[in-house]
Amino acid sequence: MTAVAHDGSMQIRVAAYAVVVREDGRMLLPHWSEGDRGGWTLPGGGIDPGEDPAAAAVREVREETGYDVELDGLLGVDSLVIDAADRIRPEDRDRSLHAIRIVYRAHVVGGELRVEEDESTDDVGWFTPDEVDALDRVGLVDVARRWAGRRRRAGGGPGAGGGAWRGRAGAG
């Protein structure tokens, strides 16, 4: 059972992500880094107040990768609770986090690959399925790959168990 802060509060973060795969099967992944933690992840992030989740996914892909995308549909919604003690930043460890992650399928319609500057992503690239299997990646990558019909191989690679993302329960 997840521990909730002593006052019963829990932070809720709603975020939107995109699975972008080229015709050659390569998947677009940015590298997320915060403090001493990081890993390859889906392009995406938090939804701004009042922002439509689909618009947030398109905006986040542009910010993190340089690409303009069109969404091809909803893949699923993932729900994850992180105990307060497991939060990355010490100042956030006074309450648990409930992360609701909305994942879309998308394709590139413009833009050019570039690395986001001065933010939480420090690299971005296109990876074959075998290369993705070998990456140190967050668990959401494997959840989304299953939803998209691009399952990771048995055994996986570093981070296949979810890394910083634990206790996920998806529906899709």
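Predicted model, so just to flag it, every value in this text is computed and none were measured. (Residues numbered from 1 in each chain as written. Predicted model: local features only at pLDDT ≥ 70, side-chain atom pairs only at ≥ 80, totals over all residues. Heavy atoms only, no water.)

### Considering the overall build of the protein chain
Of regular secondary structure, the protein chain possesses 3 helices and 8 strands. In sequence order, the protein chain lays out its α and β elements as β-β-β-β-α-β-β-β-α-α-β. Within the protein chain, the fraction of its 172 residues that count as buried is 44%. Of the contacts formed within the protein chain by residues at least 6 apart in sequence, a portion of 70% connects residues at least 24 apart. By element, 47% of the accessible surface of the protein chain is carried by carbon and sulfur atoms, the whole surface being about 8,700 Å². (Helix = DSSP H or I, 4+ residues; strand = E, 2+ residues; numbered from the N terminus. Buried < 20%, exposed > 50% of the residue type's maximum accessible area, 1.4 Å probe, protein only. Contact = heavy atoms within 4.5 Å. Areas by Shrake-Rupley, 256 points an atom, 1.4 Å probe, with all protein chains shown as cover.)

### Description of the nonpolar core
By size, the foremost hydrophobic cluster in this structure holds 19 residues, and its most contacted members are Val19, Leu29, Leu42, Val103 and Leu140. Residue assignment for this core shows that the elements contributing at least two residues are β1 (10-20), β2 (27-34) and α3 (139-147). Per-element accounting of this core gives the leading share, 4 residues, to α3. With near-sequence residues (within four places) excluded, Leu140 lies in contact with Tyr17, Leu42, Asp78, Arg101 and Val103. (Core = buried A, V, L, I, M, F, W, Y, C linked by side-chain atoms within 4.5 Å.)

### Quick word on the side chain of Thr41
Relative to the assigned elements, Thr41 resides in the loop between β3 (37-40) and β4 (44-46). Residues in contact with Thr41, not counting those within four places in the same chain, are Leu29, Pro30, Trp32, Val138 and Val141.

### Describing the sheet that holds β2
Spatial strand order, β3-β2-β7: 3 strands in an open sheet with antiparallel pairing. Both edges of this open sheet fall to β3 and β7 (121-127), since each of them pairs with a single strand only. Between one strand axis and the next, the sheet turns through 10° on average, direction left out of account. Bridge count for β2 against β7 is 6 bridges, and the pairing is antiparallel. Of the residues in β7, the one forming a bridge with Met27 is Phe127. (Pairing = 2+ DSSP bridges. Axes fitted to C-alpha atoms, helices over the stretch in contact; angles between N-to-C directions.)

### A word on the pattern of salt bridges
Scanning the entire structure with this criterion turns up 16 salt bridges. Close ionic contact of Glu91 with Arg89 constitutes a salt bridge, the shortest N to O distance being 3.4 Å. In this structure, Arg145 and Asp142 form a salt bridge, with 3.5 Å as the shortest nitrogen-oxygen distance. Of this pair, Arg145 and Asp142 are both found in helix α3, 3 residues apart, which corresponds to roughly one turn of the helix. Accessibility assignment for this pair places Arg145 and Asp142 in one class, buried. Several salt bridges converge on common partners, so that one network encompasses Glu34, Arg87, Arg89, Glu91 and Asp92. (Salt bridge = Lys/Arg side-chain N within 4 Å of Asp/Glu carboxyl O.)

### As for the environment of Ser79
Topologically, Ser79 is positioned in strand β5 (residues 67-82). For the pair Ser79 and Ala99, spaced 20 residues apart in sequence, the C-alpha separation works out to 5.9 Å. Polar side-chain contacts of Ser79 include one of 2.7 Å to the side chain of His98. (Polar contact = N/O pair within 3.5 Å; in protein donor to acceptor, adjacent residues only side chain to side chain.)

### A word on the pairing of strand β6 (residues 96-111)
A regular strand places its side chains on the two faces of the sheet in alternate fashion. Pairing of β1 with β6 involves 11 bridges; the strand directions are parallel. Of the residues in β6, the one forming a bridge with Ile12 is His98. As judged from the 14 bridges shared by β5 and β6, these two strands associate in the antiparallel manner. Within β6, the position partnered with Val77 by the bridge is Ile102.

### What to know about helix α1 (residues 53-65)
Between the first and last C-alpha of α1 there are 18 Å, a value that for 13 residues agrees with the 18 Å anticipated at 1.5 Å per step. What α1 keeps buried is the set Ala56, Ala57, Glu60, Val61, Glu64 and Thr65. The arc that holds the buried residues of α1, viewed along the axis, is 135°, so those residues lie on one side. On its buried side, α1 packs onto β1, β2, β4, β5, β6 and β7. One side-chain oxygen of the residue at the start of α1 lies 2.9 Å from the amide nitrogen of Ala54, identifying that residue as Asp52. (Expected span 1.5 Å × (residues − 1). Arc of directions from axis to C-beta.)

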